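Commentary on secondary and tertiary structure
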Amino acid sequence: MTGSRIVAVGHYQPARVLTNEDLAGMVDTSDAWITSRVGIRTRHIAGPDEPVDELAAHAAAKALAAAGRTPAEIDLVLVATSTAIDRSPNTAARVAARLGMPGPAVMDINVVCAGFTHALATADHAVRAGGASRVLVVGADKMSDVTDWTDRTTCVLVGDGAGAAVVEACAPGGEEGIGPVLWGSVPEMGHAVRIEGTPPRFAQEGQSVYRWAATRLPVVARQACEKAGLAPEDLAGVVLHQANLRIIEPLARRLGAVNAVVARDVTESGNTSAASIPLAFSKLVEQGAVSTGDPVLLFGFGGNLSYAGQVVRCP
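The following paragraphs examine the structure supplied in this document. (Residues numbered from 1 in each chain as written. Predicted model: local features only at pLDDT ≥ 70, side-chain atom pairs only at ≥ 80, totals over all residues. Heavy atoms only, no water.)

1. Quick word on the pairing of strand β7 (residues 160–169)
Quick note on the threshold: Exposure is judged per residue with a 1.4 Å probe applied to protein chains only, and the accessible area is read against the type maximum: over 50% gives exposed, under 20% gives buried, and values in between give partly exposed. Numbering goes from the N terminus for both helices and strands, where a helix is a DSSP run of H or I of at least four residues and a strand is a run of E of at least two. Two strands qualify as a pair provided DSSP detects at least 2 bridges between them.
By the criterion of burial, β7 is predominantly enclosed, with 9 of the 10 residues buried. Of the pairings in the sheet, the one linking strand β1 (residues 4–12) to β7 comprises 8 bridges and is antiparallel in character. Looking across to β7, one finds that Val 9 is bridged to Ala 165. Where strand β6 (residues 134–142) and β7 come together, 9 bridges link them in antiparallel fashion. Looking at β7, one finds that Val 137 is bridged to Ala 165.

2. So, helix α5 (residues 115–128)
As a reminder, the rule being used: To estimate how far a helix should extend, the number of its residues minus one is multiplied by 1.5 Å.
For α5, which comprises 14 residues, the first-to-last C-alpha distance of 20 Å matches the rise-based estimate of 20 Å (1.5 Å per residue) to within 8%. Of all the residues in α5, the buried ones are Gly 115, Phe 116, Thr 117, His 118, Ala 119, Leu 120, Ala 121, Ala 123, Asp 124, Ala 126, Val 127 and Arg 128. Phi turns positive, to about 85 degrees, at Gly 130, one or two residues after α5.

3. Notes on the environment of Phe 299
Spelled out, the test is: In this description, contact between two residues means that some pair of their heavy atoms is separated by no more than 4.5 Å.
You can see Phe 299 is positioned in strand β13 (residues 295–301). You can call Phe 299 buried: its relative accessible area is 0%. Distance from Phe 299 to Trp 183, taken between C-alpha atoms, is 9.4 Å for residues 116 residues apart in sequence. Excluding residues that lie within four positions of it along the chain, Phe 299 makes contacts with Thr 117, Leu 217, Val 220, Ala 221, Val 239, Leu 240, His 241, Ile 277, Tyr 307, Ala 308 and Gly 309.

4. Remarks on the layout of surface pockets
Here is the rule: Both site types are read off a 1 Å grid over the protein atoms alone. A 1.4 Å probe that fits but cannot get out defines a cavity, while an open set with protein on both sides within 12 Å along at least five of seven lines defines a pocket; lining residues have an atom within 4 Å of a point. Grid points are joined across faces, edges and corners, and a volume is the space filled by probe spheres set on the points. Classes in brief: Ala, Val, Leu, Ile, Met, Phe, Trp, Tyr, Cys and Pro nonpolar; Asp, Glu, Lys and Arg charged; the others, Gly included, polar.
Considered as a void within the structure, the largest pocket measures approximately 550 Å³ in volume. Lining the largest pocket are 27 residues, and of these Val 38, Leu 157, Gln 204, Gly 206 and Asn 244 sit closest to its centre. If you list the elements that add at least two residues to the lining of the largest pocket, you get α2 (31–38), α6 (152–155), β9 (193–196), β10 (201–204) and α7 (206–227). Its residues placed into classes, the lining of the largest pocket shows 16 nonpolar, 10 polar and 1 charged. By volume, the second largest pocket is sized at about 420 Å³. Ser 82, Thr 83, Ala 84, Arg 87 and Asn 110 are the residues nearest the centre of the second largest pocket, which is lined by 21 residues in total. Broken down by element, the lining of the second largest pocket gets its largest block of residues, 4 residues, from β9. When grouped by side-chain class, the residues that make up the lining of the second largest pocket number 7 nonpolar, 9 polar and 5 charged.

5. Notes on the packing of aromatic side chains
The cut-off we apply is this: Pairing of aromatic side chains here covers Phe, Tyr and the six-membered ring of Trp, requires ring centres within 6.5 Å, and sorts the geometry by plane angle: under 30 degrees stacked, over 60 edge-to-face, intermediate tilted.
The tally for this structure, following the rule as stated, stands at 2 aromatic pairs. Here Trp 212 and Tyr 307 contribute two aromatic rings whose centre-to-centre distance is 6.5 Å and whose plane-to-plane angle is 40 degrees, an arrangement assigned as tilted. With Trp 212 in helix α7 and Tyr 307 in strand β14 (residues 306–313), this residue pair connects regions lying 95 residues apart in the sequence. Considered together, Trp 212 and Tyr 307 belong to a single accessibility category, that of buried residues.

6. Looking at the environment of Ala 243
Mapped onto the fold, Ala 243 is located in the loop between β11 (237–240) and α8 (245–255). Considered as a pair, Ala 243 and Val 266 are 23 residues apart in the sequence and their alpha carbons are 6.7 Å apart.

7. Some details on the sheet that holds β1
Note the threshold: In this analysis, axes come from line fits to C-alpha atoms, helices being fitted only over the stretch in contact, and the angle between any two N-to-C directions falls in the range 0 to 180 degrees.
Overall, mixed pairing links the 5 strands, which are arranged β1-β7-β6-β4-β5 in an open sheet. Where the open sheet ends on each side, the last strands, each with one partner, are β1 and β5 (105–109). With strand direction ignored, the average angle separating the axes of adjacent strands in the sheet is 20 degrees. Relative to the sheet, helix α10 (residues 276–287) contacts β1, β6 and β7, its axis offset from that of β1 by approximately 95 degrees.

8. Description of the packing of α7 against α8
Formally: Each crossing gets its handedness from the near helix: less than a right angle anticlockwise from the far helix is left-handed, clockwise is right-handed.
Orientation of α7 relative to α8, taken along the N-to-C sense of each, is 35 degrees, at an axis distance of 9 Å. The element α7 and its partner α8 pack so that their crossing is right-handed. Here Tyr 210, Ala 213, Ala 214, Thr 215, Leu 217, Pro 218, Ala 221 and Arg 222 of α7 come into contact with α8, specifically with Arg 246, Ile 247, Leu 251, Arg 254 and Leu 255. Considered class by class, the residues forming the contact of α7 with α8 number 9 nonpolar, 1 polar and 3 charged.

As structure tokens, then:
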């Protein structure tokens, strides 16, 4: 079986920036209250005429351009999202249409905040099985569509955006660039993070999520490194789901990745669900904070209390 690698990444965020001061004029909150609890200062919010597939297509186009690939060269499109309003055509098909792709396989993957790392593993498996040779993997969410903007416990958390990666088969004898996935879930705690109802609304049990993340995730994140044959101190970067700075920083410390750059994009982007990992990873690559070939742990967690992580080599 042929392994796979990420050859390029890209990201996109809407132009409108919503600050903590803006939110203080909408609900009973303040910049000090928000930053002390979750570390978020700003977030980007899409307009009513910017559907989630448009966000995804912008990020995808940037990743394709960075890879030097045309849309026609992609044979599989995977979009991780949980905020698509319309069910069919699915988001992946809409992205393919926006980019003018002639006929790729198209699938949406809904594992909420862990969606991108699940989709990346699926792309790797498809390449290894011979089902695809070049895959576009996108994480995109428009959380503003599923948020109650009168609820200060949730509206201060969310943002909109998208991130994308182009995944290709490794050259014969080449080093594999996507390590084995470590994934799972806690089905009996699925109630802790929800997007449900009519209209659908985001809700969570913050303390339950925090306790689970603090106690369980350092163990499984280390296991993801072990599956890749690396120790945490070998990592050059760590990109965790950008949910809450008060979860990210302790988790990175407990992981033991003492030499790694830790993504903290949550401070300026908020929680963008499935978009958060590729968005933060793309920014680290763009800024030169990590270099080509560097090992980086990508680890998603949250919705459904699902998790998935793998070590990848930077494009």
